[in-house]
Amino acid sequence: MPAADPRAFLPLKPAELQILLLLAREPLHGYALLKEAERDSAGVSLEVGSLYRILRRLLGQGLVEEQPGDGGALAPGRPRRSYRMTSLGRAVAQAEAERLEQVVSAARAARLLRPRGRA
Amino acid sequence: MTDRGASGARFATQLVRASVRLCPRRYRDAFGAEVVEVFAERFADERAQGLMAAAKLVARTELDLVATAALEHLDAWHARARGSMATRHRPAAPDRGGDRMDRVLQDLKFAGRALRASPGHTTAAALTMALGIGANVAIFSLVDALLLRPAPGVEDPEHVVALFTAEGGAPSVSSYVDFRDLEHSLTTLRGLAAFKPMAMDLSASDTTERIEGMLVTARYFEGLGVEPVLGRFFLADEDRPPDQTPVVVLGWGLWQRRFGGSEEVIGREVRLNGRMFTVIGVAPAGFRGTLLSSRPEAFAPMAMQPHFMPTAGYLLDRRGWGGVLVVGRLSEGLTIEQARAELATRAAQLRAEHREAADREYRLSPLRQSSLLPEVRSQVIGLSTLLLAVVSLVLLVACSNVANLLLARAASRERELAVRGALGAGRARLVGLLLTESLLLALLGGSAGLAVAFGALRPLRRLPLPFELELGLDARVLAFAAAVTLGSCLLFGLLPALRATRRAPAPNLRGAGASAARPRVAAALVVTQVAVSILLVVLAGLFGQTLLRLGSADLGFRHEDVALATIDPSLQGYQGPATAELYSQLAQRAAALPGAVASGLASNLPGSGDTDSWGVFPAGAATAERRMSLEIVFVDPGYFGTLGLELREGRFIEPRDGGGAQPVAVLNETAATLVAAELERPALGAVLWTGGDDEPPFEVVGVIADSTTGALREPPAPLLHLPMQQVATAGLVSRMTLLVRSAGEPSAQLPAIRALIRELDPHVPVIATGTLESQLAGSLVRERLSAGVLATSALLAVLLAAVGLYGVLGTALSRRTAELGVRMALGARAVDLVRMVVAEGLWLCGLGLLLGLAGAMLSSRLIGSWLYGVSALDPVTYLAAAAFLALVAAVASYLPARRATRVDPVTALRAD
């Protein structure tokens, strides 16, 4: 199967990008995702219902996949599901980041942002 | 986490789990459990931060879930519309949902913003709705548990039916002999089975305990589609009077409690009422029979009935006797109507063939509607209707309050709406926007309402009902909550939305003042609100008085300070004189207990409503025309004094009325009147008999005052008191209750009474103990329950109504600020203006009062049978209610009027 074109998925919604960015570092389960998102002050505030809605879409699009249980069961006998980014997901996140970079450059050109410099 | 925290967490989790069900299947199946788990973990975190943090999390999660559910449904809908459920690849042009969805989302966003913009207003409206919706959901869950839910543990309950027999009155229990005939001849029903709740004394190891049991015919479990968790159920030949050891099936609870859930229990022998039974199986955990009123823990074959009821061993042989309940399963593919048709044919044959069945009607009803006996069920339906009517009124008041709040707010948003209109938003769009706001508000109120209902379930669960109810927020209750929420959203949202968007944009853009139309709506609201309120105040007053009077009702005997203990020595083989001897020993020694003032014995307690009727005839004339039906009570000489019953004529039963003496009886006044009319002579000294050839006639030696014998508002039953000593020789006495009046707290006597019984015979189990007071409370439960719940709901509605009335009048008035300003500027005196405004308010209220009072009078027929000691048309209650509301109305118009007249006229003129 030919690899899907990552650019077909752009632009990502902010929350989608945020989830992908969190998963770029390490696979996480739902609770950890919410906690991390909360800590990320630049992020969008997320509640559990929306989180899983986004995960459903990302899973459906093949940007994220399930990682089999890694212990730390929530309920005895039921493995906690973790999610990790697929290579397609990584490519899409990258493409989105590049797109945003262009947006930022455009913003600078329009003098909405100060030119890059040492703060 | 503390206990309180744990129950909060349980509720919050339950709420989230319920909300997840709103989502489409693909979401629920994939993530439902995870959403709940992650939420539970987050809740624990936030709970550690405090109650507010946890509450905020719940609110955020709930709103988010509702929105997620809506969006997921839209997604699923779009996916279907594209003719493909494949979601692996998004089309190159990302699908953002189309116009309609955009618009819905936009409306949702605006609505959320608008609600957040006025938090005080939003909170007030949501809380009002929460009370209204919560009251409805709580009452509905009660109705659901009582009337709508089928028995748990039954396979495919929709195809199970119950058969009742009506003989003149309401359908009730059936004759076992009839059942046998029907069992063999009906083809539309398979697995027809009879059962009969039966208390049993279980002895295993050293202890004897009283358990609830059930006698069942062999195909009982098969008919209900229940499978054993251990061992097996009955074989056809085990439901016959056996020569060898009979068999028993244990309920799950008993198996766990007494046998530690051990599999070794199969084949073990247990002693039931003094006879050994072999355990052959265990019923599954969820199964508790099909009646709300019994939770059997052991199932024994119906054929053992004479063993469990030695004084009524004939029930299985005589067609004339009722006593069993019948269930059956519809044969494959048949409907209940087909079964009814066959039953009708068969019933006609039975009536023709058997004289005893000549007046019988046989009725089939779905199992779902058969968890209570039909007579009880129809009472419960009556009460439920009334309760639902009252809580609907509460909801109506709540909706009217919120509608008024929205109207007030719409007035302040006129300009915003006008701008939107001018920019091209059609009226439909504006109405949609406002309704979206109402919907969000209703959802907020609905969620909080679920919390209110959950809170209300706790006291409802503790109600001293004769059976345990499994109250909970199940799928049906949630669906009801959703329907109520949506319905009330339309109710309170539509009118203000239509009103607000009605006028042409231009005048509002200029900021012109109040329209001519709106005060009419406000006036209509005032009238409605007052009308519903007065109805509810009247109801609250009537039911409140009923509750008070029930507590202080004169029962005709002294019920305080009496301890009770019920025993049945016949279960241990006592018969005839031995029974009498045991009982008189007991009564004598109980009277000598420290602290005891008096003691007596009775076969039935006054006010308990469970008495047996006997046919009694004038001596020597046992013909059907002269039959008098009297309720019989076997008593000992101490009985009358212990209860403080009053003598009217003659004497009480005395110690000299023993086994060998001339048979005597004591009547109550109602019975005396009946006897005097039949015999055409004074009852005192009359000679009566029961019509049996070997039973001697007895003389009426005394008449006592009437006392309550059943339900409070029913007239006393005719009572015939017979000396226990005299009837015991005929083998009629089995179960009796010992009554001990003491100087102090009666329940303190209970240990001594138990010890006394053990001393007399350690094998005779004590069936029940308690106090007469609590026993009566139990039998007054229906009364207290209905009056209590009705009074509470009505009171809640009164509060809402008073607040709402204040709001409605205030709003109506605030629109007139400008007008009042003009009048002030023109020189009107403040006091005149206040008088004018108050007079107008009162005039509107007067109209509402008249309508409401008329409504209350119309409803008096409906509520009459639920009142006690007060008439449904009690003028004092009506006047007091009217005065109360007039006062509320006066205050509600006076305060804002005064405020309005204190405003500087110039400021008032600027306001619109």
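A. Looking closely at the overall build of chain B. Looking only at helices and strands, chain B has 27 helices and 21 strands in total. Looking at chain B residue by residue over its 912 residues, the buried ones come to 51%.

B. Geometry of the overall build of chain A. Within chain A one finds 4 helices and 3 strands. Seen in sequence order, chain A has helices and strands lined up from the N terminus as α-β-α-α-β-β-α. Classification of the 119 residues of chain A by burial places 44% in the buried group. Once local pairs closer than 6 in sequence are excluded, the contacts in chain A between residues at least 24 apart make up 56%. Total accessible area on chain A is roughly 6,900 Å²; 54% of this is exposed by carbon and sulfur atoms.

C. Main features of the pattern of salt bridges. Residue and element names in this part refer to chain B. In total, this model carries 39 salt bridges over all chains according to the counting rule given. Between Arg-329 and Asp-156 there is a salt bridge, with the nearest N and O atoms lying 3.8 Å from each other. One end of the pair, Arg-329, is in strand S9 (residues 325-330); the other, Asp-156, is in the loop between helix H5 (119-148) and strand S1 (160-167), and 173 residues separate them in sequence. On the basis of relative accessible area, Arg-329 is assigned to the buried category, the value being 7%. Residue Asp-156 is classed as partly exposed on the basis of its relative accessible area of 35%.

D. How the structure looks around a nonpolar patch on the surface. All names here are of chain B. A cluster of nonpolar side chains, contributed by Tyr-806, Leu-887, Val-891, Tyr-894 and Leu-895, occupies part of the molecular surface with about 430 Å² of accessible area. As for its placement among the helices and strands, Val-891 is situated in helix H26 (residues 875-902). By relative accessible area, Val-891 is classed as partly exposed at 40%.

E. The arrangement of helix H8 (residues 252-259) of chain B in detail. Residue and element names in this part refer to chain B. Here H8 has its buried residues at Leu-254, Trp-255 and Phe-259. For H8, the buried positions fall inside an angular range of 100 degrees around the axis, keeping them on one side. At the exit of H8 stands Gly-260, carrying a positive phi of roughly 60 degrees.

F. Local environment of the environment of His-159 of chain B. All names here are of chain B. Relative to the helices and strands, His-159 is located in the loop between H5 and S1. Along the primary structure His-159 and Gly-333 are separated by 174 residues, whereas in three dimensions their C-alpha atoms are 9.4 Å apart. In contact with His-159, not counting residues within four places along its chain, are Gly-328, Arg-329 and Leu-330. In this structure the side chain of His-159 is engaged in a polar contact, spanning 2.8 Å, whose partner is the side chain of Asp-156.

G. Inspection of the packing of helix H6 (residues 176-185) of chain B against helix H10 (residues 336-353) of chain B at higher detail. Residues and elements named next belong to chain B. The N-to-C vectors of H6 and H10 enclose an angle of 130 degrees; their axes lie 11 Å apart at closest approach. Judged by the angle between their axes, H6 and H10 are oblique. Classified by chirality, the crossing of H10 by H6 is right-handed. Residue-level inspection shows Asp-178, Asp-181, Leu-182 and Ser-185 of H6 in contact with H10, the latter providing Glu-342, Leu-343, Arg-346 and Leu-350. For the contact of H6 with H10, a count of residues per class yields 3 nonpolar, 1 polar and 4 charged.

H. Region of interest: the confidence of the model for chain A. Residue and element names in this part refer to chain A. Overall, the predicted model of chain A reaches an average pLDDT of 81, with 80% of residues at or above 70. Of all helices and strands in chain A, the one with the weakest mean pLDDT is helix H2 (residues 30-39) (86), whereas helix H4 (residues 87-109) scores best (91). Counting interchain partners and residues more than four positions distant, the pLDDT-below-50 stretch residues 71-77 has 7 contacts.

I. Representation of the sheet that holds strand S1 (residues 28-29) of chain A. All names here are of chain A. Pairing within the open sheet is antiparallel, and its 3 strands lie in the order S1-S3-S2. Across the chains shown, the open sheet's two edge strands, defined by having one partner strand only, are S1 and strand S2 (64-67). Across 4 bridges, the pairing between S2 and strand S3 (residues 82-85) is antiparallel. Bridge assignment links Glu-65 to a residue of S3, and that residue is Arg-84. Against the sheet, helix H1 (residues 14-25) makes contact with S1, S2 and S3, and its axis sits at roughly 95 degrees relative to S3, the strand it touches most.

J. Summary view of the packing of aromatic side chains. Residue and element names in this part refer to chain B. As enumerated under the stated definition, the model contains 19 aromatic pairs over all chains in all. Ring geometry for Phe-39 against Phe-43: centres 5.8 Å apart, planes inclined by 40 degrees, an arrangement best described as tilted. Of this pair, Phe-39 and Phe-43 both sit in helix H2 (residues 25-49), 4 residues apart, roughly one helical turn. By relative accessible area, which is 7% here, Phe-43 ends up buried. For the ring pair Tyr-220 and Phe-221, a centre distance of 5.2 Å and an interplane angle of 75 degrees mean the geometry is edge-to-face. Taking relative accessible area as the criterion, Tyr-220 reaches 0% and is therefore assigned buried. Look at Phe-221 and you get buried, because its relative accessible area is 1%.

K. Spatial organisation of H1 of chain A. Residue and element names in this part refer to chain A. The end-to-end C-alpha distance of H1, which contains 12 residues, comes to 18 Å, matching closely the 16 Å that a straight helix rising 1.5 Å per residue would cover. All of the buried residues in H1 are Ala-15, Glu-16, Leu-17, Gln-18, Ile-19, Leu-20, Leu-22 and Leu-23. For H1, the secondary structure elements touched by its buried residues are S1, H2, helix H3 (48-60), S2, S3 and H4.

L. Region of interest: the pairing of strand S16 (residues 664-668) of chain B. All names here are of chain B. S16 sits mainly inside the fold: 5 of its 5 residues count as buried. In S16, alternate side chains face the same way, and those of Val-664, Val-666 and Asn-668 on one face and Ala-665 and Leu-667 on the other are all buried. One ladder, built from 5 bridges, connects S16 with strand S18 (residues 698-704); its direction is parallel. Across the sheet, residue Val-664 finds its bridge partner in S18, namely Glu-699. Where S16 lies against strand S19 (residues 719-723), 2 bridges are found, and the strand directions are antiparallel. Residue pairing for S19: Val-666 is matched across the bridge by His-721.

M. Representation of the pairing of strand S20 (residues 736-742) of chain B within the structure. Residue and element names in this part refer to chain B. Burial runs high along S20: 7 of the 7 residues are buried. Neither face of S20 is left uncovered, since the one carrying Met-736, Leu-738, Val-740 and Ser-742 and the one carrying Thr-737, Leu-739 and Arg-741 both have all their residues buried. As paired elements, strand S11 (residues 562-567) and S20 share 6 bridges and run antiparallel to each other. Bridging from a neighbouring strand, Ile-567 pairs with Met-736 of S20.

N. Region of interest: a positive patch on the surface. All names here are of chain B. A surface patch of like charges, here positive, comprises Arg-10, Arg-458, Arg-461 and Arg-462. In this fold, Arg-461 is placed in helix H13 (residues 427-461). With a relative accessible area of 44%, Arg-461 lands in the partly exposed category.

O. Geometry of unusual backbone geometry. A cis amide bond links Leu-10 of chain A to the next residue, Pro-11 of chain A, at an omega of -10 degrees. With respect to the secondary-structure elements, Pro-11 of chain A resides in the segment before H1. Despite not being glycine, Arg-111 of chain A has its phi angle at roughly 65 degrees, a positive value. What makes Arg-111 of chain A exposed here is its relative accessible area of 75%. Backbone geometry places Asp-561 of chain B, a non-glycine residue, at a positive phi of 65 degrees. Tracing the backbone through its elements, the reader meets Asp-561 of chain B in the loop between helix H16 (518-551) and S11.

Analysis parameters
One numbering rule holds for all chains: residues counted from 1, following each sequence as written. Chain labels run from A onward and ligand labels from 1 onward, assigned in the order the entries are written. Local features in this predicted model are restricted to residues of pLDDT 70 or higher, and side-chain atom pairs are both shown and tallied only at a pLDDT of 80 or more, whereas totals for entire chains, interfaces and linings draw on every residue. Heavy atoms throughout the structure, all of them, feed into the side-chain values; hydrogens and water do not. For helices the rule is a DSSP run of H or I covering at least 4 residues; for strands it is a run of E covering at least 2, with both sets numbered from the N terminus onward. Exposure categories follow from relative accessible area, calculated using a 1.4 Å probe and restricted to protein chains: below 20% of the type maximum is buried, above 50% is exposed, and the middle band is partly exposed. We call two residues contacting when some pair of their heavy atoms lies within 4.5 Å. Each accessible area value is a Shrake-Rupley result obtained with a 1.4 Å probe; residue values ignore everything except the protein chains displayed when judging cover. By convention in these notes, a salt bridge is any Lys or Arg side-chain nitrogen within 4 Å of a carboxyl oxygen on Asp or Glu. Each patch is built from salt-bridge-free residues with over 30% relative accessible area, joining like charges within 9 Å and nonpolar side chains (Val, Leu, Ile, Met, Phe, Trp, Tyr) within 5 Å. The directions considered for the arc run from the helix axis to the C-beta atoms. Polar contact is defined as a pair of N or O atoms within 3.5 Å, subject to the rule that within protein one atom must be able to donate a hydrogen and the other to accept it, and that residues adjacent in sequence are counted only when both atoms are side-chain atoms. The convention used is that axes are lines fitted to C-alpha atoms, helices contributing only their stretch in contact, and that angles between N-to-C directions extend from 0 to 180 degrees. Orientation categories follow fixed angle ranges, with anything under 35 degrees roughly parallel, anything over 145 roughly antiparallel, 65 to 115 roughly perpendicular, and all other angles oblique. With the far helix as reference, a near helix turned anticlockwise by less than a right angle produces a left-handed crossing, and one turned clockwise produces a right-handed crossing. Residue polarity is assigned by list, with Asp, Glu, Lys and Arg as charged and Ala, Val, Leu, Ile, Met, Phe, Trp, Tyr, Cys and Pro as nonpolar; anything else, Gly included, falls into the polar class. What pLDDT expresses is the predictor's confidence in each residue, scored from 0 to 100. By the convention used here, strands pair only if DSSP detects at least 2 bridges between them. The rule is short: rings of Phe, Tyr and Trp, with Trp giving its six-membered ring, pair when the centres are within 6.5 Å, and they are stacked under 30 degrees, edge-to-face over 60, tilted in between. Between the first and last residue of a helix there are one fewer steps than residues, each counted as 1.5 Å, and that sum is the expected span. The positive count covers Lys and Arg only, the negative count covers Asp and Glu only, and His and the chain ends enter neither. Here the site of a charge means NZ on Lys, CZ on Arg, CG on Asp, or CD on Glu.

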